[in-house]
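Structural features, examined
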Amino acid sequence: MKKALRIAVLLWTLPLLAQSNTGELRLTVTDPSGLGLKSTVELVSEANQYRYAFTTDAQGKLDVRRLPYGIYQVQIQAPHFAPLSESLEIRSALPLARSIRLTVAPVSQKVNVSASGTLIDPYIAGSVNVMGSQTVQNRLTALPGRSMQDLVNTEPGWLYEGNAVLHPRGSEYQTQFVIDGIPLIDDRSPGFGPELEADNVQSLAIYTAGIPAEYGRKMGGVVEVNTLQNANPGFHSELTVLGGSFDTAGVNYQGEYTWNGNTLGLSASGNMTSHYLNPVVPENYTNTGTTGSVSGSYERDLTPKDHLTLILTHELARYEIPNEFVQENGAWVPSPVNTVGCPSVAPSQEPSDCVYVPGGQLQNSGNFETMGIATYQHVFSSNTVGWLRGMARDNSSDFYSNPLSWPINVTQHNDFKEIYFNGSLAIDHGRQEWKTGIESDNLFLHENFSDYLPDCSGPLGTLAAQCPITLGLFDPGSATKFAFADSHPDLEQAAYAEDLIRFGNWTFDAGLRWDHYQLLVNQNAVSPRASGSYYFPSAGLKLHFSYDRIFQTPSFENILLSSSTAVLDFDPISLRQNVLPSHGDYYEAGFTKAFSGKLRLDGNWFLRDVNNYADDDSILNTAISFPIAFKNAILYGAEGKLDLLQWKKFSGFASYSYIVGNCWLPVVGGLLLGSESGVAVGPDGELINTQLTGHLPDSQDQRNTVRVRFRYQIAPRLWVAAGSDFNSGLPFEPDESPQLYATEYGQQVINRLDFKLSRIDPYLTENASVGFDLYQHEKRSVRLQADVQNLSNTLEVIDFGGLFSGNAIGPSRSVMVRLTTNF
């Protein structure tokens, strides 16, 4: 640790960057005599989905932070003065100072403002999808625990496998959220971590290629999240209340007070539902969940060159693990030699080759996190700015099973403590902007896992409820108890440098990143990154390309257990190998085309070639997973999205994604249990590795995905919207007959499976919304939105993993209502 700190101090003397591609506008508005003028300023960038109205202070000054790079239309209005509209460009992390002098208004004057010129940013080298506050505000209301994930999942190339786990372009558990400049590399889906609440989000920037060199480690996709509001003088608040199907209810509050260069913010939320995770059968057994959070922030301009930001957050989630038919209601289940199933008869009848499970399982889990963030910004000169960022957090996850849990009784308590530091610098030099920095991330992992497998011998009618005889993995003649506890530090360091060059209509971004990873293995990697674009002004067309060399560290959930020799006491027939980091190459080429200032079409082709391809395996349906890695994976595909800015009263989007993914065997890292491990017992009791070679479809190999949503403004305060999602279906690996599956999951689920193609059948869902501004006066407003999802009540089989390993059923038809008040 001391050595890491010495390195950090040393490297701070080098050119050091902050959150990628954001800048700052420092605006002064004056009257004709040069005196400061209080006025209203509106900033619009359609390419960034950015549209905000601000008020200058009494001296006419306004400081707008965290502006994504791009072209902005600025409109300024003040009583008795002529309105003014002009465009400006944010091209650097350095603050842009602009002074604007208004003139006295004639008797009558009208200014026509058009934001169509901001539809394309011609000077971004790669591709990035941006969401602004209006998109966040008008989103479909999500179930608790997944509001942020639902937003990201609307973009092409992203899809769910189950439980709102995001998969960017086929990657498993490799999504990195960057919250206010701080990277979070752990899984943030509902079954793994506390919720990232969308109501607190001001903007999102989403990368799946052309990823800046400042980001590493989790490289499937990077989501930059800005939760801090730009300061407007005085007190501002927003209160959101929601409720609807599945006994869902929630409340979210945000408040902010700004005075004399100080901004104090507070947010709090609480939610509950009976549909927290994706159930494994349509009946949605045992699936309640509650979430809560409270966060405070403080920002201060220490001097005109120094800015301090402090954030403190506490979040929690408590939820149940959905049951299957047998776990909920009890039934006879087949033994390993039974291939035809078991009859629905009384427990006393004891059919042959069957085991009776009485039901009544209850498993629940909880996630808790406390995090503090500190950021300090200093402007060294007119072309140099630097940042220091630090974060500390404590995260814990618990898992409990009641005595009737079957086929395994699990208890778990994992936690990690993290200390993160980042020092960075940006230097603007005309056509070039240099960015460079260092980071150190130290995680201290603690794992505590235990399970109980009872004696399954004796008369069938007296077997314990948890008897795991259907697994074929354990000795049925003896009770099995297993316990594991271990701690280990995960030490990671990185340094990076990047050069953004603009030359005429060309833009290039070249970067280099060094990573050091030390947990179970010790590895270093150097990763070059490059992207470029060319803009054709007369055609409104931009072409772009990118190459990313990636170094991905393994998921650390249960990584100590999965790599320990102690796991042989859990199941002697298992495969245990250290999970190595992934190394790979990402390629992308694409275009952006504007049509008549109203439409924007984006298209991309991509290829990913990754060694030690990260995936996961789970213990039955307990939601306890282990990282694994395949020898290699190749994923390729194409994406397209059409955005309608505003045509008369219509707006909206349509997107399409095509992906093909294959993983090459054998499994080269992680933990596999029992028969799936590919390990067999030889004639002399020795263990023989019988893993197959060849390849199989990636678990996120969904060939076709279509998403459409359009909005119609009926009246200034009333709008309606409608949309649909089409999914062509994920692959699955059947290991039982359809008849046997039907007795376990129900015939309606099995009817959604194509056993010849080993794929889930395609499905289409529809949604509709209506929104009404109940009240609007100056900065006070009340908005009501009602959403209906899955209008046709389609049975969504999102994922089918076979017996006790990962079914996911989507929600049935649901209605949600959200009331938002601003004051």
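Quick note: structure is the one above.
The next point concerns the pattern of salt bridges. Applying the stated rule across the entire model yields 30 salt bridges. For the salt bridge of Lys641 with Glu155, the shortest nitrogen-to-oxygen distance reads 3.1 Å. Here Lys641, found in strand E33 (residues 625-647), pairs with Glu155, found in the loop between helix H3 (147-152) and strand E9 (158-160); they are 486 residues apart in sequence, far enough to count as distant. For the pair Lys641 and Glu155, a shared accessibility class is recorded, and that class is buried. We note a salt bridge from Asp415 to Lys417, for which the minimum N-O separation is 3.5 Å.

Reading across the sheet, the five strands line up as E8-E13-E14-E11-E12 and stay open at both edges, with mixed pairing between neighbours. The open sheet has two edge strands with one neighbour each: strand E8 (129-131) and strand E12 (182-184). When strand polarity is set aside, the average angle formed by the axes of neighbouring strands in this sheet is 20 degrees. Of the strand pairs in this sheet, E8 and strand E13 (residues 203-207) are connected by three bridges, and their pairing is antiparallel. By the bridge assignment, Asn129 is partnered in E13 with Ile206.

Tracing the chain through its elements places Gln176 in strand E11 (residues 175-179). Judged by relative accessible area, Gln176 falls into the buried class, the value being 2%. Counting along the chain gives 47 residues from Gln176 to Val223, while the straight-line C-alpha distance between them is 6.2 Å. Not counting residues within four places of it along the chain, the set of residues in contact with Gln176 comprises Pro183, Leu184, Tyr215, Gly216, Lys218, Gly221, Val222 and Val223.

Moving on, we come to the sheet that holds strand E5 (residues 70-77). Strand pairing in a sheet relies on backbone hydrogen bonds, with the paired strands running either antiparallel or parallel. Taking strand neighbours across the sheet as the criterion, the four strands line up as E3-E2-E5-E6 in an open arrangement whose pairing is antiparallel. Only two strands of the sheet have a single partner each, and these edge strands are strand E3 (50-55) and strand E6 (84-90). Neighbour-to-neighbour, the strand axes of this sheet turn through a mean angle of 20 degrees, independent of strand direction. The sheet contact formed by E5 and E6 spans seven bridges and is antiparallel. Bridging across to E6, Tyr72 finds its partner in Leu88.

Mapped onto the elements of the fold, Gln254 is located in strand E16 (residues 248-259). Side-chain polar atoms of Gln254 contact the backbone oxygen of Asp199, separated by 2.4 Å. Excluding residues within four positions of it along the chain, Gln254 makes contact with Asp199, Asn200, Gln202, Gln229, His236, Ser237, Glu238, Leu266 and Ser267.

Let us now look at the environment of Gly162. Residue position: Gly162 is located in the loop between E9 and strand E10 (166-168). The class of Gly162 is buried, set by a relative accessible area of 12%. Counting along the chain gives 636 residues from Gly162 to Ile798, while the straight-line C-alpha distance between them is 6.5 Å. In this structure, Gly162 is in contact with Asn278, Ile798 and Ala808, ignoring residues within four places of it in sequence.

Calculation rules
- Residues numbered from 1 in each chain as written.
- Predicted model: local features only at pLDDT ≥ 70, side-chain atom pairs only at ≥ 80, totals over all residues.
- Heavy atoms only, no water.
- Salt bridge = Lys/Arg side-chain N within 4 Å of Asp/Glu carboxyl O.
- Helix = DSSP H or I, 4+ residues; strand = E, 2+ residues; numbered from the N terminus.
- Buried < 20%, exposed > 50% of the residue type's maximum accessible area, 1.4 Å probe, protein only.
- Pairing = 2+ DSSP bridges.
- Axes fitted to C-alpha atoms, helices over the stretch in contact; angles between N-to-C directions.
- Contact = heavy atoms within 4.5 Å.
- Polar contact = N/O pair within 3.5 Å; in protein donor to acceptor, adjacent residues only side chain to side chain.

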